Amino acid sequence: MKIIALAALLTVSGFTASAQQLAQVQIQTSAVCGMCKKTLEKAMAYEKGVKAAELDVASKTLTIAYRPDKTTPDALRRAVQATGYDADTQPAEARAYQRLPECCQKDAAPHEE
């Protein structure tokens, strides 16, 4: 019984320790709609070390929770650029931007998707 209790305590402690190691970065993007939100959040889910990503379309701010031992804010900005969106002051990669649907390009008027 003591072994089970100890294992449970270590498991809970491990989850707490890993949660404490998360960092957060906010990146200003050129996203304009709900489709952009889906695209960016899905792309960030595939990035190493990213635990959560949430885009606020109204403010165009992408908030990312990540493990700093696995990635950096600069790497995450490059991932946003590779998806076709501006990341803070850095422009999107041209080829990725051209592949975005017309409604998701930054010259498009904000709209619901």
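Only a predicted model underlies this, so the values are computations on that prediction, with no experimental measurement involved. (Residues numbered from 1 in each chain as written. Predicted model: local features only at pLDDT ≥ 70, side-chain atom pairs only at ≥ 80, totals over all residues. Heavy atoms only, no water.)

A. A look at the overall build of the protein chain. The helix and strand inventory of the protein chain stands at 4 helices and 3 strands. In the protein chain, buried positions account for 35% of the 113 residues. Taking the intrachain contacts of the protein chain between residues at least 6 apart in sequence as the baseline, contacts between residues at least 24 apart amount to 54%. (Helix = DSSP H or I, 4+ residues; strand = E, 2+ residues; numbered from the N terminus. Buried < 20%, exposed > 50% of the residue type's maximum accessible area, 1.4 Å probe, protein only. Contact = heavy atoms within 4.5 Å.)

B. Structural context of the packing of aromatic side chains. With the rule as written, the count across this model stands at 0 aromatic pairs. It is K106 that lies over the ring of Y97; its NZ or CZ is 5.8 Å from the centre. (Phe/Tyr/Trp six-rings, centres within 6.5 Å; stacked < 30°, edge-to-face > 60°. Lys NZ or Arg CZ within 6 Å of the ring centre and 35° of its normal.)

C. Structural view of helix α2 (residues 34-45). Over its 12 residues, α2 extends 17 Å from the first C-alpha to the last, a length consistent with the 16 Å expected when each residue adds 1.5 Å. Regarding α2, the residues found buried are G34, C36, L40, A43 and M44. Against the buried residues of α2 lie β2 (50-56), β3 (61-66) and α3 (73-83). (Expected span 1.5 Å × (residues − 1).)

D. Focus on the packing of α2 against α3. Between α2 and α3, the shortest axis-to-axis distance is 10 Å and the interhelical angle comes to 130 degrees. Between α2 and α3, the angle is such that the two are oblique. Considering only the axes of α2 and α3, their crossing is right-handed. Contacts between α2 and α3 involve T39, L40, A43 and M44 from the former and L76, A79, V80 and T83 from the latter. Of the residues in the contact of α2 with α3, the class split is 6 nonpolar, 2 polar and no charged. (Axes fitted to C-alpha atoms, helices over the stretch in contact; angles between N-to-C directions. Parallel < 35°, antiparallel > 145°, perpendicular 65-115°, else oblique. Left-handed = near helix turned anticlockwise from the far one by under 90°. Nonpolar A, V, L, I, M, F, W, Y, C, P; charged D, E, K, R; others polar.)

E. Broad picture of the nonpolar core. Grouped together as the largest cluster of nonpolar side chains are 25 residues, with contacts concentrated most on M44, L62, I64, V80 and Y85. When contributions to this core are tallied by element, the ones reaching two or more residues are β1 (23-28), α2, β2, β3 and α3. Setting aside chain neighbours within four positions, we find V80 in contact with I27, T29, L40, M44, L62, Y85, D86 and A87. (Core = buried A, V, L, I, M, F, W, Y, C linked by side-chain atoms within 4.5 Å.)

F. Structural detail: the sheet that holds β1. Strand order in the open sheet made by the 3 strands is β1-β3-β2, with antiparallel pairing throughout. Edge positions in the sheet fall to β1 and β2, since each has one partner strand and no second. Across the sheet, the mean angle from the axis of one strand to that of its neighbour is 15 degrees, orientation sign disregarded. Strand direction decides the pairing type here: β1 and β3, joined by 6 bridges, are antiparallel. (Pairing = 2+ DSSP bridges.)

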